[in-house]
Amino acid sequence: MNRTSPVMQILRAALAIVPLVASPGCAPSAHGSTTPPPGEPPAAPPSEQPQKPTEVQPTAEDARQFATRVNEDLKRLWVKQSTAEWIKSTYITDDTERNAATVNEEVMGYLNQAIKQAARFKDVQGLDADTSRTLHLLRVSSALVAPSDPQKRAELASIAAKLEGLYGKGKYCGKDGKGTCKDLEELSDVMAKSRKYDELLEAWVGWHTISQPMRPLYERLVSISNEGAQEIGFADLGALWRSNYDMPPEAFEKEAQRLWGQVKPLYDDLHCYVRARLAKQYGEDKVPAGKPIPAHLLGNMWAQEWNNIYNLVEPYKGQPSLDVDAELTKQKYDAIRMVKTGEAFFTSLGLKSLPQTFWERSQFTKPRDREVVCHASAWDVTYDNDLRIKMCIKPTEEDLVTIHHELGHDYYYTYYYTLPALYQQGANDGFHEAIGDALTLSITPSYLKQLGLLKELPKGDKGLINLQMKDAMEKVAFLPFGLLVDQWRWEVLSGRVKPEDYNKSWWALREKYQGVRAPVERSEKDFDPGAKYHVPANVPYTRYFLARILQFQFHRALCQAAGFQGPLHECSIYGNKEAGKRLQAMLEMGASKPWPDALQALTGQREMDASAILEYFAPLRAWLQEQNKGQKCGW
Ligand code: X8Z
Ligand code: ZN
């Protein structure tokens, strides 16, 4: 169809997308706008372009072209953004922070305008499925949105960079601030290994001082980003996050609670047993029955995973050791060898090898000469199979598991990087988090023995219960934490929780869901949510809760694809090409279809479902219930 009529030219100009911010010292021209050819930046922002005559309705074809253009623009912008982010995260300085903030400002500016422009297509009839999905994904694509006011946008970008920087640089230097400074890795080491109540307490309290200065910044982040979310039609930023699951935000809230309801009884059984064991270790006065557990006794800074205190809760003594850490250290596993071990699992399924550039560009260990963000992450910096991981690897089983987790992200990237930019995402964010973890469920004792990381296999019922306990301390213990982080943020972002109650409400949720309590009195001078990476880094967290459930659902489906017939906890898909094919088919879909379609492709089910995790832990559950008889469970 010929679209060169003057009216259409005006309309097209109005639909053009805001230009990218020019390089420093070079302001974009605000005059003489014309419609640029697709793929090139338009000459002026829409606000300065001729207004769309109200009687002209855009067509489905206009929408399709707009979507194509957005995908191209976003790819260019995201490459620029992730390049700046990568540099910042692997070298935190004021300069790299400011540089990343400038790029983020640009991306947020673009998105604000593009999303508003996309609203013009809301009532257009006959949109093709890809166009309407693209327009939907555009609206929910960013976890941080700025209002159109350039000053506020700049402030938001700068705050976001500072918050993550404060976390990355966080150190505790003793009670008087004059001792040897410890970073999160060192303090986490204390949390994992020490069994001294007061030593644990000091590491816990120490780390929680680093987030106090974040509070005013976080308050501003909430207020400005909510304004941004409201400008593009969401009640608040939390509602935007909840709208990213192919269902209305209210339905997603219910969905998360439904899944929690499925797994809570299993968590409660584990909690009860672990508390009783901790009471034996630290005394009934410190860990009373029927009360929440002090949060610093569970082997992890946030009490999110409890596997580091497995030796305190080991069901049966005298069984073959499950201690992989000892072997990793003894055999002097270095970071590269650990990552190669992870890659070997993926390639055993028939999936491709990591590109050579992965080995050249990743950050595997903590550099000695600069500040970096050690929190593990996986990247495709140029959205073009430029895979990397960024970690500060130590020879521990925990890091070996995290490597598989991160490679799961990279394998998602590698199978969808040829899709349009907005489809280069997981089916939902929980899927992305679940891939690597699903594979780790196949890291069975026999596989570890094959690697030489276990000497002896666990034997009989006792061996099985020990093994399941170790797994549950990681997987089951995490579930309530996975849920509550965003329960807190949703409340904060909706304004239901005010700044003067930030810390109080955080602990109310930790108590309610996890059954843990602050080990010392807290006040509103503290900002304990900020001591968890994802809060200052503004990464939504419900994804990890979903992933803990989905990974078992994926595992069950992959085991079925592999033709495995025994109990779920015995299955390993290591080396099975059929399972690899099924997995790859889902990875290749990216976000091109609503997540139930992707789930169906892999599992045949269209609903997220916790029955697989329950099935997996059935033997342990029965054992726990036996142990807990006569105990005062709950809190
Ligand atoms: O943040 C992560 C990954 C990167 S996406 C290392 N995880 C959550 C956390 O550390 O809190 C994985 C498990 C939960
Ligand atoms: Zn992850």
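Cut-off values and rules
- Residues numbered from 1 in each chain as written.
- Chains lettered and ligands numbered in written order.
- Predicted model: local features only at pLDDT ≥ 70, side-chain atom pairs only at ≥ 80, totals over all residues.
- Heavy atoms only, no water.
- Helix = DSSP H or I, 4+ residues; strand = E, 2+ residues; numbered from the N terminus.
- Buried < 20%, exposed > 50% of the residue type's maximum accessible area, 1.4 Å probe, protein only.
- Contact = heavy atoms within 4.5 Å.
- Disulfide = S-S within 2.5 Å.
- Near = heavy atom within 4 Å.
- Polar contact = N/O pair within 3.5 Å; in protein donor to acceptor, adjacent residues only side chain to side chain.
- Areas by Shrake-Rupley, 256 points an atom, 1.4 Å probe, with all protein chains shown as cover.
- Donors = N, O, S within 2.8 Å, 3.2 Å for Na, K, Ca; no water.
- Tetrahedral: all angles 85-135°; square planar, octahedral: opposite > 155°, others 65-115°.
- Expected span 1.5 Å × (residues − 1).
- Bend = angle between axes of the 7 residues up to and from the residue.
- Salt bridge = Lys/Arg side-chain N within 4 Å of Asp/Glu carboxyl O.
- Axes fitted to C-alpha atoms, helices over the stretch in contact; angles between N-to-C directions.
- Parallel < 35°, antiparallel > 145°, perpendicular 65-115°, else oblique.
- Left-handed = near helix turned anticlockwise from the far one by under 90°.
- Nonpolar A, V, L, I, M, F, W, Y, C, P; charged D, E, K, R; others polar.
- Phe/Tyr/Trp six-rings, centres within 6.5 Å; stacked < 30°, edge-to-face > 60°.
- pLDDT = per-residue confidence, 0-100.
- 1 Å grid on protein atoms, 1.4 Å probe; cavity = no way out; pocket = protein on both sides within 12 Å on 5 of 7 lines; lining within 4 Å.
- Points joined across faces, edges and corners; volume = space filled by probe spheres on them.
- Pairing = 2+ DSSP bridges.

What follows covers the side chain of Asp 609. Relative to the helices and strands, Asp 609 is located in the loop between helix H22 (595-603) and helix H23 (611-616). Looking at Asp 609, the relative accessible area reads 15%, which means it is buried. Those residues within four positions of Asp 609 in sequence are excluded, and the remaining contacts are Leu 259, Gln 262, Ile 549, Gln 553 and Arg 556.

One way to say it: the disulfide is the covalent bond shared by the sulfur atoms of two cysteines. Inspection of the entire model under this criterion finds four disulfides. In this model Cys 374 forms its disulfide with Cys 392; the gap between the sulfur atoms is 2.0 Å. Taking the sign of the S-S torsion, about -85° here, the bridge from Cys 374 to Cys 392 comes out left-handed. A residue pair is termed long-range when its members are at least 10 positions apart, and Cys 374 in the loop between helix H14 (356-361) and strand S4 (377-380) and Cys 392 in the loop between strand S5 (387-390) and helix H15 (397-416) qualify at 18 residues. Overall, the relative accessible area of 11% leaves Cys 374 in the buried class. Two residues, Cys 559 and Cys 571, share a disulfide whose sulfurs are 2.0 Å apart. With the S-S dihedral at roughly -100°, the linkage between Cys 559 and Cys 571 falls on the left-handed side.

So, about the site of ligand 1. Lining the immediate surroundings of ligand 1 are 13 residues, of which His 375, Lys 532, His 534, Tyr 541 and Tyr 544 lie closest. In this structure, an oxygen atom belonging to ligand 1 sits 3.1 Å away from a side-chain N or O atom of Gln 304. Contact with the protein chains hides 87% of the accessible area of ligand 1, taken as 360 Å² for the molecule alone. Mapped onto the shell around ligand 1, the elements with two or more residues apiece are H15 and helix H20 (542-561). Considering each element in turn, the shell around ligand 1 owes the most residues, three residues, to H15.

For the rest of this paragraph, the subject is the coordination of the zinc ion (ligand 2). The protein atoms that coordinate the zinc ion (ligand 2) are His 405 (NE2), His 409 (NE2) and Glu 433 (OE), at distances spanning 2.0 Å. Around the zinc ion (ligand 2), the four donor atoms are arranged such that angles at the metal cover 89 to 129°; this shape is classified as tetrahedral. Along the chain, the residues donating to the zinc ion (ligand 2) fall in the pattern H-x3-H-x23-E. With a gap of four residues between them, His 405 and His 409 both fall in helix H15, about one helical turn apart. The exposure class assigned to His 409 is buried, which follows from its relative accessible area of 8%.

Our focus in this paragraph is unusual backbone geometry. The phi angle at Tyr 383 is positive, at roughly 50°, despite the residue not being glycine. When you line up the elements, Tyr 383 lands in the loop between S4 and S5. Phi is positive for Asn 538, close to 55°, though the residue is something other than glycine.

Along its 20 residues, H20 runs 28 Å from first to last C-alpha, staying within 8% of the 28 Å computed at 1.5 Å per residue. If you look at H20, its biggest bend is around 30°, right at Arg 548. Counting buried positions along H20 yields 19 of 20 residues, so the element is predominantly enclosed. Immediately downstream of H20, the backbone of Gly 563 shows phi near 80°, a positive value.

To continue, consider the pattern of salt bridges. Throughout the structure, instances matching the rule amount to 41 salt bridges. Among the salt bridges present, the one from Lys 459 reaches Glu 456, with a minimum N-O distance of 3.1 Å. We classify Glu 456 as partly exposed; its relative accessible area is 41%. Here Arg 606 makes a salt bridge to Asp 597, at a shortest N to O gap of 2.9 Å. Salt bridges sharing partners connect three or more residues here, namely Arg 69, Asp 73 and Arg 76.

Tracing the sequence through the fold places His 375 in the loop between H14 and S4. Residue His 375 is classed as partly exposed on the basis of its relative accessible area of 27%. Along the chain, His 375 and Cys 392 lie 17 residues apart, while their C-alpha atoms are 7.8 Å from each other.

Right, let's get into the packing of helix H18 (residues 460-494) against helix H19 (residues 502-514). Running from N to C, H18 and H19 point in directions that differ by 150°, and their axes come no closer than 9 Å. Viewed along their axes, H18 and H19 adopt a mutual orientation that is roughly antiparallel. Of the two elements, H18 crosses H19, and the hand of that crossing is right-handed. Here Pro 480, Phe 481, Leu 483, Leu 484, Val 485, Gln 487, Trp 488 and Val 492 of H18 come into contact with H19, specifically with Tyr 502, Ser 505, Trp 506, Leu 509, Arg 510, Tyr 513 and Gln 514. Class assignment of the residues belonging to the contact of H18 with H19 gives a composition of 11 nonpolar, three polar and one charged.

This part takes up the packing of H20 against H22. Here H20 crosses H22 at 40°, and the two axes come no closer than 9 Å. Contact with H20, carried on its side by Leu 550, Gln 553, Phe 554, Ala 557 and Leu 558, involves Leu 599, Leu 602 and Thr 603 of H22 and no other residues of that element. In terms of residue class, the contact of H20 with H22 is made up of six nonpolar, two polar and no charged.

Moving on to the packing of aromatic side chains. Taken as a whole, this structure holds 40 aromatic pairs when the rule is applied. Here Trp 204 and Trp 507 contribute two aromatic rings whose centre-to-centre distance is 5.9 Å and whose plane-to-plane angle is 50°, an arrangement assigned as tilted. Placement of the pair is Trp 204 in helix H7 (residues 197-207) and Trp 507 in helix H19, with a sequence separation of 303 residues. When its relative accessible area of 9% is taken as the criterion, Trp 507 is described as buried.

This part covers the environment of Gly 170. Its place among the elements puts Gly 170 in the loop between helix H5 (150-169) and strand S1 (171-172). Among the residues examined, Gly 170 registers a relative accessible area of 6% and is labelled buried. Through-space distance from the C-alpha of Gly 170 to that of Lys 455 is 39 Å; in sequence the pair is 285 residues apart. Apart from residues lying up to four places away in sequence, Gly 170 is in contact with Lys 182, Asp 183, Leu 184, Trp 207 and Ile 210.

Moving on: the confidence of the model for the chain. Residues shown with low pLDDT carry predicted positions that ought not to be read at fine detail. Summarising the model, the chain shows a mean pLDDT of 92, and 91% of its residues fall at 70 or more. Between residues 1-50, whose pLDDT stays under 50, and residues either more than four places distant or in other chains, the model counts 87 contacts.

For the rest of this paragraph, the subject is empty space enclosed by the protein. The final tally for this structure, using the stated rule, is one cavity of 30 Å³ or more. Here the largest cavity is characterised by a volume of approximately 120 Å³. Lining the largest cavity are 13 residues; nearest its centre among them are Tyr 167, Gly 168, Glu 185, Val 372 and Cys 374. Secondary-structure elements contributing two or more residues to the lining of the largest cavity are H5 and helix H6 (184-193). Residues belonging to the lining of the largest cavity are distributed by class as follows: six nonpolar, three polar and four charged.

Here S4 shows no split at all, with Ser 377 and Trp 379 on one side and Ala 378 and Asp 380 on the other all buried. Alignment of S4 against S5, held across four bridges, turns out to be antiparallel. Within S5, the position partnered with Asp 380 by the bridge is Leu 387. Taking the residues between adjacent antiparallel strands as the criterion, S4 and S5 are bridged by six residues, where Tyr 383 takes a positive phi near 50°.

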